[in-house]
Amino acid sequence: MRKVEWHEEIDSTMRRAGEMASKGCESGTIVGAEVQTAGQGRHGRTWESQQGGLYFTMILRPKVEMRDLPVVTLALGLGVADALQMHAGVSVDLRWPNDVLVGEKKLAGILTVWQEGAILAGIGVNVGQAVFPEELREVATSLALETQKEHDKQFLLRAIAASVESQVRILESSGVNAVLRLFANASSYVSGKRVTVELPAGVVIGTTAGLTPEGFLVVRREDGTEMTVTAGGVRPANNH
Amino acid sequence: MTIEEIRELIQTVCSTGVAELEVQRGENRVWIKRTAGVVTQEIHVPQHAPAASVAAAPAPMHIPPAPAAVTIAAPQAAPAPGDADLTDPTLEAVKSPIVGTFYEAPAPGADAFVHVGDPIKPGKVLCIIESMKLMNEIEAEISGTIVKRLVDNGQPVEYGETLYLVKPN
């Protein structure tokens, strides 16, 4: 039986998951909440966690080499995308490394932290939001908006958890290449996409040109030179 | 130009990721060049080749020298950070377990997890290496004191690259 700890309100499921991981909780354990008052995004940003969304952190202890651990983030995106396609009836895209999109709008986001010897996979899915705050309207969507239906969050939670675990098992048993192939099939961002990439050193514009054997994104700049993106925000170039 | 000013220039080069800097003040001219471990864009070659081999450094800030300028040869004064200490057998290296981007703080503008001179003990978070949106918290494995940081905030790091040097207790 999977252990799920559910809160009406919590500051951050990531913080609570860190506590649980440090006490040695089992792989697959979940902590979730109806509302997060201090949801965490990338680099200290906040993750908008309004009523209507599904917010949880899953603690994973994958049996992979340390250097292959980043590929778990691709497997997480694949797992969430598969579950939403299969159980919520939406057609989704994956933006490297693991944003789940409908068109160019974000349906689900994943933040992953390696801490206390475990992966804390923070997953936020926009489920029931009928309207988003002004600043997110152009970039976010929800299952309710896309399907005009209500969706049972606890059912989706279990579907996503099972799907994520099966993708992680593919990584464990078949290796990095298997996950990269699945990702390349599921994502329109792997090749031939004009993108901007935000790096600490500045913004780069180019066209995506596949993944390296480690799963990093190759971007070909307009002058023909190639760069490998190991981390950074990738966006469609026409948004800028 | 005083030694203090030169020292400041060296720090500027080290902290900004500029590969080469030439400055002339009056009759003095200083040229500072970083020679190893320098990469200022997020570029990697797979198979973990040294990052420097693909260095796509920004254009150097170049101030043309005046004809009669006196050159103070500075390369020796600006070693790649930590080169000398890497060979010190009394220091322990903290290495990156993955390829990614080095962050010294949990968020932009936040205080660094550790500073040079800080005491550390096992479990203390030293930095974050981000790789494909996996935030990898690098923890101290030994007790000691941070004596050197070898990577700048926001820089790419290779597998096995040394991040900090620690003097064990």
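The rules behind the values
Residues numbered from 1 in each chain as written. Chains lettered and ligands numbered in written order. Predicted model: local features only at pLDDT ≥ 70, side-chain atom pairs only at ≥ 80, totals over all residues. Heavy atoms only, no water. Pairing = 2+ DSSP bridges. Helix = DSSP H or I, 4+ residues; strand = E, 2+ residues; numbered from the N terminus. Axes fitted to C-alpha atoms, helices over the stretch in contact; angles between N-to-C directions. Buried < 20%, exposed > 50% of the residue type's maximum accessible area, 1.4 Å probe, protein only. Contact = heavy atoms within 4.5 Å. Core = buried A, V, L, I, M, F, W, Y, C linked by side-chain atoms within 4.5 Å. Salt bridge = Lys/Arg side-chain N within 4 Å of Asp/Glu carboxyl O. Buried area = accessible area lost by both parts, 1.4 Å probe. Polar contact = N/O pair within 3.5 Å; in protein donor to acceptor, adjacent residues only side chain to side chain.

(A) Representation of the sheet that holds strand 11 (residues 226-229) of chain A in the model. Residues and elements named next belong to chain A. Spatial ordering of the open sheet is given by 11-10-9-8-12, a layout of five strands whose pairing is antiparallel. Pairing within the sheet leaves two strands with one partner each, and these edge strands are strand 11 and strand 12 (233-236). Ignoring which end each strand starts from, the neighbouring axes of this sheet average 45° apart. The pairing of strand 8 (residues 191-199) with strand 12 spans four bridges and is antiparallel.

(B) Spotlight on the environment of Asn169 of chain B. All names here are of chain B. Positionally, Asn169 belongs in the segment after strand 11 (162-168). What makes Asn169 exposed here is its relative accessible area of 77%. In the structure, Asn169 is positioned 26 residues away from Ser143 in sequence and 5.8 Å away in space, judged by C-alpha atoms. Sequence-distant contacts of Asn169, defined by excluding residues within four places in its chain, comprise Ser143, Gly144 and Thr145.

(C) Spotlight on the nonpolar core. Counting 60 residues, the largest nonpolar core has Val80, Leu84, Trp96, Ile160 and Val164 of chain A as its most contacted members. The element best represented in this core is helix 2 (residues 71-88) of chain A, accounting for eleven residues.

(D) Focus on the pattern of salt bridges. All names here are of chain A. Per the stated rule, a full pass over the model turns up 14 salt bridges over all chains. Between Glu165 and Arg2 there is a salt bridge whose closest N-O contact spans 2.9 Å. Residue Glu165 is found in helix 4 (residues 153-174), and its partner Arg2 is found in the segment before strand 1 (4-10); the two are separated by 163 residues along the sequence. Note that Arg194 is salt-bridged to Glu222, the shortest N-O span being 2.7 Å. Of this pair, Arg194 sits in strand 8 while Glu222 sits in the loop between strand 10 (217-221) and strand 11, and the two are 28 residues apart along the sequence.

(E) View of the interface of chain A and chain B. Contacts between the two partners involve 35 residues from chain A, matched on the other side by 28 residues from chain B. For the chain A and chain B pair, buried surface summed over both sides reaches about 2,700 Å², with 60% attributable to carbon and sulfur atoms. Of all residues in chain A, the largest losses of buried area upon contact with chain B belong to His43, Arg67 and Thr230 of chain A, amounting jointly to 23% of the total for that side. For the pair chain A and chain B, the interface holds one salt bridge. As a salt-bridge pair, Lys133 of chain B and Asp99 of chain A come within 2.9 Å of each other at their nearest N and O atoms. At the boundary of chain A and chain B, one finds ten residue pairs in polar contact (both at pLDDT 80 or more). Listing elements by their share of the side of chain A that touches chain B, those giving two or more residues are helix 2, strand 6 (105-115) and strand 11 of chain A. The biggest single contributor to the side of chain A that touches chain B is strand 6 of chain A, with six residues.

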